[in-house]
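# Survey of secondary and tertiary structure
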Amino acid sequence: MLSDRFYYASPRESVFSAAVVSCVPEGDRFRVTLDRAGFYPGGGGQPADTGFVDGIPAVGTGEDDPAVLLPSPLEPGRRVRCEIDLARRLAFMRRHSGEHIVSGLLHRMTGGDNVGFHMNESLVTLDWSLPLDEKTLRDAERRANGIVLENVPVTAAVYPAAPSGIAYRAKRAIEGEVRLVTVEGADVCACCGLHVERTGEIGLIRLVDAMKWKGGTRVTMLAGMDAYEDAAAVAAQNREVARLVSAKPYETAAGVRAALEAAEALRQKNTDLKKRLTACRVAELSAVPGMLVLFEGGMTPDELRRFALELSAARPEPVAVFTGADASGYRYAIAQEGGDVRALTKALNARFSGRGGGSAVLTQGSLTGSRAEIEAAVREG
């Protein structure tokens, strides 16, 4: 019977005495049944309790069985001292209760359902059956924290069968005994998990992410100290951003936007200057006879390509342009309008462990070697 389980009646009692009823091997562990069901076994999306039995590490089964799993056996009849990691349990209780509030409110607001739920040691994800926009999520978060501030009771009741007169959320039809958890003003849900007694114990709820998921929305939320620590970290980052862009704390978005616009203007100006410099270099080099082998500093692959093509359009001989350094290697662009530079490229790649290729009139790639050796190899053909 669900009502007989000690972890429901006294979820904050973390140290208790019990007798070993049975102990059976299970893989490399032992399943120990106690005469007091004090360890939450896990279920409803909430992980099992961890702790100790007579100093031996213990964990709940993860099944609908309040036994514990131990790495070593205990003889039946032995009296043992049990200790549950209460801080961990309470953290999960806050997360779980916060999820009920959010899911209950979203159900009332949208008519949708929570069709998937997961908790780990820091966050909660819930899969909502409908798309949720930013306004709905922010409204749900505000209402959820309103429920927390009201410090309303969270109660649980066990029924021998699903009660026909109570509307409640459930992911599936339930036969037989059902336990309903009620958050006053927010939710009634069939649930086997552990919860806080009043919503004020949750402290804070934050919806930190939402993404499209199977036609609906996967929402990531935080509750309790997890929510506080996330909010504190975000606030610290915002203060640093405010300092960097010389903006007030509540005006960082505008400050960042202005900084990005200024950076884009500088980038465009730099691009224009590079194009003008390239045109000047092309004019300067167009009259130089023979093959050109150039080593230019700080060019991007696109800038290399454009420079090589513009030079080759101004002269009949091949043009080979490199950027980089002996230690880190070089990127190249080789071009000849009306010619075929593929044989030269293949030879360079073979000699200098290069990679790259292209068309007859333009090839691009990278290689390693010294500037002097590369220049000599290009001129040798």
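Residues numbered from 1 in each chain as written. Predicted model: local features only at pLDDT ≥ 70, side-chain atom pairs only at ≥ 80, totals over all residues. Heavy atoms only, no water.

## Observations regarding the side chain of Glu-99
One can find Glu-99 in helix α2 (residues 86-110). Non-local contacts of Glu-99, meaning those with residues more than four positions away in its chain, are made with Asn-114, Phe-117, Val-124, Leu-126, Arg-169 and Met-221. (Helix = DSSP H or I, 4+ residues; strand = E, 2+ residues; numbered from the N terminus. Contact = heavy atoms within 4.5 Å.)

## Focus: the packing of aromatic side chains
Tallied over the full model, the rule gives seven aromatic pairs. Each ring, one from Phe-295 and one from Phe-322, has its centre 5.0 Å from the other, and the planes form 15°; the classification is stacked. Of the two residues, Phe-295 sits in strand β14 (residues 292-295) while Phe-322 sits in strand β15 (residues 319-325), which places them 27 residues apart along the sequence. A single burial state applies to Phe-295 and to Phe-322, both of which are buried. When the centroid spacing of 5.4 Å and the interplanar angle of 80° are considered together, the rings of Phe-295 and Tyr-330 count as edge-to-face. Residue Phe-295 is located in strand β14, and its partner Tyr-330 is located in strand β16 (residues 329-335); the two are separated by 35 residues in the primary sequence. Here Phe-295 and Tyr-330 have matching classes, each one buried. Of note, Arg-179 hangs over the ring of Tyr-8, and the distance from its end group to the ring centre comes to 3.8 Å. (Phe/Tyr/Trp six-rings, centres within 6.5 Å; stacked < 30°, edge-to-face > 60°. Buried < 20%, exposed > 50% of the residue type's maximum accessible area, 1.4 Å probe, protein only. Lys NZ or Arg CZ within 6 Å of the ring centre and 35° of its normal.)

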